[in-house]
Amino acid sequence: MAPNDNYEATVSVFENVYDFEKTRRQVDLEKSSKEISEKNLELVCQRLTLLTSVSYYNLIYLQEAIKIKDNQIATLQNTLIL
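A brief look at the structure comes next. Keep in mind that what you see is a predicted model, and the values were worked out from it rather than measured. (Residues numbered from 1 in each chain as written. Predicted model: local features only at pLDDT ≥ 70, side-chain atom pairs only at ≥ 80, totals over all residues. Heavy atoms only, no water.)

### As for the overall build of the protein
The helix and strand tally for the protein stands at one helix and zero strands. In terms of overall dimensions, the protein is more spread out than a globule: its C-alpha atoms have a radius of gyration of 37 Å, far above the 12 Å expected for 82 residues. Referenced to the eigenvectors of the C-alpha coordinate spread, the extents of the protein come out at roughly 130 × 35 × 10 Å. Element-wise, carbon and sulfur atoms account for 60% of the exposed surface of the protein, whose accessible area totals about 8700 Å². Between the averaged position of the 9 positive side-chain charges in the protein and that of its 12 negative side-chain charges there is a distance of 14 Å. (Helix = DSSP H or I, 4+ residues; strand = E, 2+ residues; numbered from the N terminus. Rg over C-alpha atoms; globule rule 2.2 N^0.38 Å. Areas by Shrake-Rupley, 256 points an atom, 1.4 Å probe, with all protein chains shown as cover. Lys, Arg positive; Asp, Glu negative; His and termini not counted. Charge placed at Lys NZ, Arg CZ, Asp CG, Glu CD.)

### Here we look at unusual backbone geometry
Here Phe20, not a glycine, exhibits a phi torsion of approximately 55 degrees, which is positive. Mapped onto the fold, Phe20 is located in the segment before α1 (22-81). Here Glu21, not a glycine, exhibits a phi torsion of approximately 60 degrees, which is positive. Mapped onto the fold, Glu21 is located in the segment before α1.

Written out as structure tokens, the structure is:
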């Protein structure tokens, strides 16, 4: 009833003809997001630098405060002995 070599092939292609600038808006959004991420990275680096310098100066201050307290204790002990 049917022929022996009966073949069928189909190809379907779906493509937007016009996307109403949706792709351009998405690209712009991603570029803005990238810029915000870069600014956030810079901000974090600046904060880390500031915190490092504050920690360093606090350490120096505390070391000097310990030296002053040691001198005060030594002076007090000398005064008590006399």
